[in-house]
Each structure stands twice: as C-alpha cells, then as structure tokens.
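# Summary of structural features
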Amino acid sequence: MAEAKQRLYLHIGTHKTGSSSLQHYLGAQRKTLAGHGFSYFTGAYEPDNHVEFFAVAMRAEREAFSRAKYGIEQTDYALAAAAANFQEFRQATQKQALIVSTEGLSLLRHDDEMERLKTILDAETLDIVPILVLRDKAAFLDSFRKQILKHADRELSDDPASINYVGQDSWLADFGAIKSLWRKHFGEDALRIIDYDQAMERDGDVLPAALKAMDLPESFIPVAGSVRVNTDTFKTRIKRFLRKIGFGS
C-alpha cells in the first residue's frame, strides 16, 4: 500500500482578507501547532508571511510589493534556493502537516508561474490544499486602494496591468481567474474557498474560518475577534503625513 503523501495547507490570500492576523497567530503558536501535528513554515524574508513562494514564481517583468521591498528576482538561482529551503523544512517535519501562507500567491495568473511554484514545493510529493479567501469585489478594491495610499513610495496607476490599478475592471479582482488557475493545477476539488463577508457577519472575524479550513482542532481556534495585528506603524503614519503635505516622495 502506497504511503500517504504529506499534506500542505497553502493559504493564498487574497489581500485585504485578514491574512496578517492569520499569519501573526500561526507564527506565535508554532510550538502549540507542533503539538497538534502541524508545522508552520518560517520564511526567508518574513518569518510569518512566506513571500518568496510567489515572488520567485512570478514572471520577472511583473510587479509585486515584496519584490521591490526585498529585491527578490525571478532567477534560476532564486528558484533553487527557495526549493532547497522548503525541502529542508520538510525534512525536519516529515510526520506533520505543513502550513504555508502568503497572500501574494493570489497574484499568480500564468501556467509557467504555477509550474515554478510547484517546483519549489516539489508538489507531486505533497497532498496540497489551497485555501482562498474572497470578499466583495468593490470592498476589496477600495481596501486595496487605501493600502496603496498608506505608503509614501506607492501611488495609484492608470495602467490596467499595474498592481497599483484599482479600477472596477482591475485584474486584482478577477477572482474567477484565480479560482480557475488553482483548480487547473491542483484539482477541481482541492481548492477551499472562504467567504470573507459571511465569516465577518457570522463571527466578526475571518480567523476562525481560516483555521478551520486547515483542519486545525477546535481547541486551537481562538475566540472570534481576540487576535488583531496593527501594521500601521508610527513610521508609516509619519511618511503618509509628509506625503500629504507635499514633502514625501
């Protein structure tokens, strides 16, 4: 009888759907997770948001905030390094279910990008469960627009191909394309979708729904609304104020 494949829960976003709170909680609970038979990856650039998985897989010419922030390029060397790092993690956690989270994976749109991701993961040797969180498109785009304007080094774009374009026809909100791509590469029934708006209406928080989608035990799931992370730092607020009065770049 063939040995069961190691399972990987792969949280892929989207942006503005509680990803930071999820990552913060999982990162803070690594020891507890291990006791339940789960292991949360530690990223090369950010411990809890595993940006290398999408930044290395994405086509070289495409924009991504984390690429600019960390200087991540789509090269054979970067691909090999990401793959080696993940395989080292797997070797140390062979008896556990794995969890990787980065909302940037929802930016992938092309078959070659997915193939590079599968190379990093050695996907054929894993039982992969992608988890996608979706919200109302208009609310998503409005939240994404506000996030762009929080950063002094970003500005809105009129270019429909840009990550900073948030018009109603923005590719960022083409949720159908995301679902189709992930089902094509990982199976029609593999993708688990969480309705952000329903979760917020029911629980006031999307975190419990995301953790349940990872098959984590009830004892691990916090009371709704008890976990929050504020990424709007004092430094960010100062930069935004200077930009507003004409001194920011």
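Residues numbered from 1 in each chain as written. Predicted model: local features only at pLDDT ≥ 70, side-chain atom pairs only at ≥ 80, totals over all residues. Heavy atoms only, no water.

What follows concerns the overall build of the protein chain. Tallying secondary structure elements over the protein chain gives 11 helices and five strands in all. The 249 residues of the protein chain split such that 48% are buried. Counted over contacts in the protein chain with a minimum sequence separation of 6, partners at least 24 positions apart contribute 72%. (Helix = DSSP H or I, 4+ residues; strand = E, 2+ residues; numbered from the N terminus. Buried < 20%, exposed > 50% of the residue type's maximum accessible area, 1.4 Å probe, protein only. Contact = heavy atoms within 4.5 Å.)

This next bit is on the environment of aspartate 111. Structurally, aspartate 111 is set in helix 6 (residues 111–121). Under the relative-accessibility criterion, aspartate 111 is labelled partly exposed at 35%. Along the primary structure aspartate 111 and leucine 181 are separated by 70 residues, whereas in three dimensions their C-alpha atoms are 7.6 Å apart. The residues touching aspartate 111, leaving out its near neighbours within four places in the chain, are Leu181, Lys184 and His185.

A word on the packing of aromatic side chains. In the structure shown here, the tally under the stated rule is 12 aromatic pairs. Ring centres of phenylalanine 53 and phenylalanine 86 lie 5.6 Å apart, and the angle between their planes is 90°; on these two criteria the pair is classed as edge-to-face. A residue pair is termed long-range when its members are at least 10 positions apart, and phenylalanine 53 in helix 3 (residues 52–57) and phenylalanine 86 in helix 5 (residues 76–92) qualify at 33 residues. With a relative accessible area of 1%, phenylalanine 53 lands in the buried category. Through a chain of ring-to-ring contacts, three or more aromatic side chains come together here, namely Phe41, Phe53, Phe86 and Phe89. Here the guanidinium or amino end of arginine 154 rests over the ring plane of phenylalanine 65, the centre of that ring lying 3.7 Å away. (Phe/Tyr/Trp six-rings, centres within 6.5 Å; stacked < 30°, edge-to-face > 60°. Lys NZ or Arg CZ within 6 Å of the ring centre and 35° of its normal.)

Across the interface, helix 5 lies against helix 6 with an axial gap of 7 Å and an inter-helix angle of 40°. Between helix 5 and helix 6, the crossing angle belongs to the class labelled oblique. Across the interface between the two elements, Leu79, Ala82, Ala83, Phe86, Gln87 and Arg90 of helix 5 pack against Arg116, Thr119, Ile120 and Leu121 of helix 6. Looking at the contact of helix 5 with helix 6 residue by residue, the class counts come to six nonpolar, two polar and two charged. (Axes fitted to C-alpha atoms, helices over the stretch in contact; angles between N-to-C directions. Parallel < 35°, antiparallel > 145°, perpendicular 65-115°, else oblique. Nonpolar A, V, L, I, M, F, W, Y, C, P; charged D, E, K, R; others polar.)

A cluster of like negative charges, contributed by Asp136, Asp195, Asp197 and Glu201, occupies part of the molecular surface. You can see glutamate 201 is positioned in helix 9 (residues 196–203). (Patch = residues over 30% accessible without salt bridge, like charges linked within 9 Å, V, L, I, M, F, W, Y side chains within 5 Å. Areas by Shrake-Rupley, 256 points an atom, 1.4 Å probe, with all protein chains shown as cover. Salt bridge = Lys/Arg side-chain N within 4 Å of Asp/Glu carboxyl O. Lys, Arg positive; Asp, Glu negative; His and termini not counted. Charge placed at Lys NZ, Arg CZ, Asp CG, Glu CD.)

Keep in mind these numbers describe shape, not what the thing actually does.
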